[in-house]
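A structural walkthrough
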Amino acid sequence: MELEQRRPPPRPAPPPPGVGLQRWRAAVHEAGHLTVAWAHGATLRGGEVYAEGGRCRYDLPNLTTSAPRIAGALGGPLAERHLAGGQWPDCISADDQRLVDFELAGSDESAGRRLRLRGEALALAAIHKYRAGLLAVAQSLAHHGQIDGRQAAAALRVAAGE
């Protein structure tokens, strides 16, 4: 990813006491998806982590552009890379990649590249702006294995000062 090559990742946040690195990375990954989606007006439904990864659910409003949807798909892998020390491209799951590919379908190579870079930029902006809330959501996921959408949104609002 070109954007990834231009911006070195900040120092990762260490896992909370008693949380293994794999679980922490999965929690940060899912919290990244939720945070970026929330930053673009999504209704959060919740998330969970388990031994082999995790999943989250959110409903984005009807958007006229694909960039925020791409940002939501890339929010997880970019958060994992920037905040949990994950290595690129290992952070991006097949499901994340399918969502990005779906949004880029029908675009020529140049337009698709610009759209993906815009999605990456939107995701990174939200990850850095709402870092404290993202990490609060990740800690809840890491410790409890799940988080309700309302709880995740509340944690993000509190961390954002809203």
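Below is a short write-up of the structure. Sequence order as written defines the numbering, with residues in each chain counted from 1. Under the rules for a predicted model, residues below a pLDDT of 70 receive no local features and side-chain atom pairs below 80 are neither given nor counted, while totals for whole chains, interfaces and linings still include all residues. Only heavy atoms go into the side-chain values, all of them from the structure, while hydrogens and water stay out.

**Focus: the layout of surface pockets**
Note the following rule: The distinction between a cavity and a pocket rests on a 1 Å grid over the protein atoms alone: a 1.4 Å probe fits inside a cavity but cannot get out, while a pocket stays open yet meets protein on both sides within 12 Å along at least five of seven lines, and a residue with an atom within 4 Å of a point counts as lining. Grid points are joined across faces, edges and corners, and a volume is the space filled by probe spheres set on the points. A run of H or I in DSSP becomes a helix once it reaches four residues, and a run of E becomes a strand once it reaches two; helices and strands are each numbered from the N terminus. Under this grouping Gly is polar, as are all residues other than the nonpolar Ala, Val, Leu, Ile, Met, Phe, Trp, Tyr, Cys and Pro and the charged Asp, Glu, Lys and Arg.
Of the pockets and cavities examined, the largest pocket occupies roughly 460 Å³. In this structure, the largest pocket is lined by 21 residues; those nearest its centre are His-29, Glu-30, Gly-54, Ser-93 and Asp-96. Every element with two or more residues in the lining of the largest pocket is listed here: α2 (21-39), β2 (53-59) and α4 (94-104). Grouping the constituent residues of the lining of the largest pocket by class yields six nonpolar, six polar and nine charged.

**Considerations on the nonpolar core**
Our working definition: Each nonpolar core is a collection of buried residues, namely Ala, Val, Leu, Ile, Met, Phe, Trp, Tyr and Cys, held together in the definition by side-chain atoms within 4.5 Å. Buried, partly exposed and exposed residues are distinguished by accessible area as a fraction of the type maximum, computed with a 1.4 Å probe on protein chains only: under 20%, between the cut-offs, and over 50%, respectively. Two residues qualify as a contact provided that any one of their heavy atoms is within 4.5 Å of a heavy atom in the partner residue.
Core analysis: the biggest nonpolar cluster contains 44 residues, and Trp-24, Val-28, Leu-44, Leu-134 and Val-137 have the highest contact counts within it. The set of elements that each furnish at least two residues to this core consists of α2, β1 (43-50), α3 (67-84), α4, α5 (109-129), α6 (131-144) and α7 (149-160). Residues within four places of Leu-134 in sequence aside, it is in contact with Val-28, Ala-31, Gly-32, Thr-35, Ala-79, Leu-83, Ile-127 and Leu-156.

**Structural notes on the pattern of salt bridges**
The following threshold applies: Basic side-chain nitrogens of Lys or Arg form a salt bridge, by our definition, when they fall within 4 Å of a carboxyl oxygen of Asp or Glu.
Tallying each qualifying case throughout the model produces six salt bridges. A salt bridge links Arg-69 to Glu-103; the nearest nitrogen and oxygen atoms lie 3.0 Å apart. Taken together, the positions of Arg-69 in helix α3 and Glu-103 in helix α4 put the pair 34 residues apart, joining distant regions of the chain. With its nearest N and O atoms 3.5 Å apart, the salt bridge here joins Asp-148 to Arg-150.

**Looking at the packing of aromatic side chains**
Applicable threshold: Two aromatic rings, drawn from Phe, Tyr or Trp (for Trp, its six-membered ring), form a pair once their centres lie within 6.5 Å of each other, and the interplanar angle then sorts them: stacked below 30 degrees, edge-to-face above 60, tilted otherwise.
Going through the model one piece at a time under the given rule, you end up with one aromatic pair. Taking 5.0 Å as the distance between ring centres and 80 degrees as the angle between the ring planes, the aromatic pair formed by Trp-38 and Tyr-130 counts as edge-to-face. Highlighted residues: Trp-38 in helix α2 and Tyr-130 in the loop between α5 and α6, separated in sequence by 92 residues. Relative accessible area serves as the criterion here: at 13%, Trp-38 is assigned to the buried category. The class of Tyr-130 is buried, set by a relative accessible area of 13%.

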